[in-house]
Amino acid sequence: MAVHELSRRDARRVAIQAQWLHRDRPSDLLDLVRQLTLLQVDTNKTVAPSADLVAWSRLGSSYRWDDLAAALQTKELVEFRGTIRPAEDLALYRADMAAWPGEEDRLLGWQKAQRDWVEANDACRRDILKRLEADGPRTSRELPDTCAVAWRSTGWNNNRNVRQLLDLMEQRGEVAVAGRRGRDRLWDLAERIYPDGPSIPVEAAEFHRNERRLSALGIARPKGPDCPVEPLDVGNAGDSAVIDGIGGTWRVDPALLDEPFEGRAAVLSPLDRLLHDRRRMVDLFEYEYALEIYKPVEQRRWGYYALPILYADRLVGKLDATTDSRAGVLRVNALHWDVEPTKAMTAAVVHEIRDLATWLDVTLTGLPKT
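Residues numbered from 1 in each chain as written. Predicted model: local features only at pLDDT ≥ 70, side-chain atom pairs only at ≥ 80, totals over all residues. Heavy atoms only, no water.

Participant: What is the right way to look at the nonpolar core in this model?
Facilitator: As a rule of thumb, soluble globular proteins bury nonpolar side chains together. Core analysis: the largest hydrophobic core is formed by 41 residues, its most contacted members being Leu53, Leu319 and Leu356. Contributing elements (two or more residues each) for this core: helix H2 (29-36), helix H3 (50-59), helix H4 (65-73), strand E10 (265-267), strand E11 (307-311), strand E12 (314-324), strand E13 (329-337) and helix H12 (343-360). Considering every element that reaches this core, the biggest residue donor is H12, with eight residues. What leucine 356 contacts, discounting residues up to four positions off in sequence, is Val47, Leu53, Trp56, Leu307, Leu319 and Leu330. (Core = buried A, V, L, I, M, F, W, Y, C linked by side-chain atoms within 4.5 Å. Buried < 20%, exposed > 50% of the residue type's maximum accessible area, 1.4 Å probe, protein only. Helix = DSSP H or I, 4+ residues; strand = E, 2+ residues; numbered from the N terminus. Contact = heavy atoms within 4.5 Å.)

Participant: What is the right way to read a negative patch on the surface from this model?
Facilitator: Where like charges cluster on the molecular surface, the negative patch consists of Glu103, Asp105, Glu203 and Glu206. Structurally, the position occupied by glutamate 203 is in helix H10 (residues 202-217). For glutamate 203, a relative accessible area of 69% translates into the label exposed. (Patch = residues over 30% accessible without salt bridge, like charges linked within 9 Å, V, L, I, M, F, W, Y side chains within 5 Å. Areas by Shrake-Rupley, 256 points an atom, 1.4 Å probe, with all protein chains shown as cover. Salt bridge = Lys/Arg side-chain N within 4 Å of Asp/Glu carboxyl O. Lys, Arg positive; Asp, Glu negative; His and termini not counted. Charge placed at Lys NZ, Arg CZ, Asp CG, Glu CD.)

Participant: Looking at this model, I keep getting lost on the pairing of strand E5 (residues 175-181). Mind explaining?
Facilitator: In the case of a regular strand, side chains alternate between the two sheet surfaces. In terms of strand pairing, E5 meets strand E6 (residues 184-189) through six bridges, oriented antiparallel. Among the inter-strand pairings, valine 175 is bridged to a residue of E6, identified as leucine 189. Between E5 and E6, which pair antiparallel in sequence order, lie two residues; one of them, glycine 182, sits at a positive phi of approximately 65 degrees. (Pairing = 2+ DSSP bridges.)

Participant: Which parts of the structure should I look at to understand the sheet that holds strand E8 (residues 239-243)?
Facilitator: The strands making up a sheet associate through backbone hydrogen bonding, with each pair oriented either parallel or antiparallel. As summarised here, the arrangement of the four strands in space is E1-E8-E9-E7, forming an open sheet in which the pairing is mixed. Bordering the open sheet on either side are strand E1 (4-6) and strand E7 (219-220), each of which pairs with just one other strand. Sheet topology places E8 next to strand E9 (residues 246-252); four bridges connect them, and they run antiparallel. Bridge assignment links alanine 241 to a residue of E9, and that residue is tryptophan 250. Contacts between helix H11 (residues 278-285) and the sheet are confined to E7, E8 and E9, with E9 contributing the most and set at about 105 degrees to the helix. (Axes fitted to C-alpha atoms, helices over the stretch in contact; angles between N-to-C directions.)

In structure tokens:
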């Protein structure tokens, strides 16, 4: 099969169209999530939760805050391992759940360690299942820690035994997120949350997941670094491609090649999948970005939670803004341009920032005069 030869601009446009960030906006949240395959859960509300920001950046102000909650309530969407996915996509994960953590001869050291830790705490696992069955949804704080062996880590999860055990039980398909109380997840038996459905065999499921991921990304590398929840690579899905000026081979969704492109302005979540793969972001967009939440104030270049700005087929800047819900204000701290903006670019970006304030139902302040 011939290898597609693309310019950087061609590759960017494929990625943008796959993420539904071109001029033709979608109109339905469920259709959007089915195309993107997932919304990443993040409760940071500096501007708005990431999943809502991603939905708004595609749907515009027609997207309402309760749309996502309603779809989760009806179980058309489900939360799974820190992501929100179409309920029907669980068929692609059930076989992996049943076979957790995987085939013995393919397990990495950390996977064996997790398996052994769960086995060592089997009594606590069974106790959690019995309590959820009897009492219904509970947060991790409301479940007693009867672990015989503590969870050890060098980070902030050290000794957070129940939370870590619940996360691993979720991977096993035993428990699921039933909702949230504030920022805390409510856990229940998976059979009460996940809809009934088929289970696709492991190899076939991996093939379909790769195809779905390529459809969402448009263009990606066939192989990348290990990412436990959602890989960045797509295996042999799609067609082979090379990009002028970038080494290595890629996989591209052929359905998006030679499609007419009309771009627009968009203000994105820092966790948006257009730039979540930072290596791909640099390769395709030649864009510099880092989330600076954990940096000291004096080391921040763009702001605590700067929002990337897309215009047409380029990432052109960052918006440093904060929502003050009590005051009813979206406060623009700075608008950082990576390029010299044209009048058309400035007008389009300012329009999106104003639309963001309208969607948040707050007053916009601090926007530089144009």
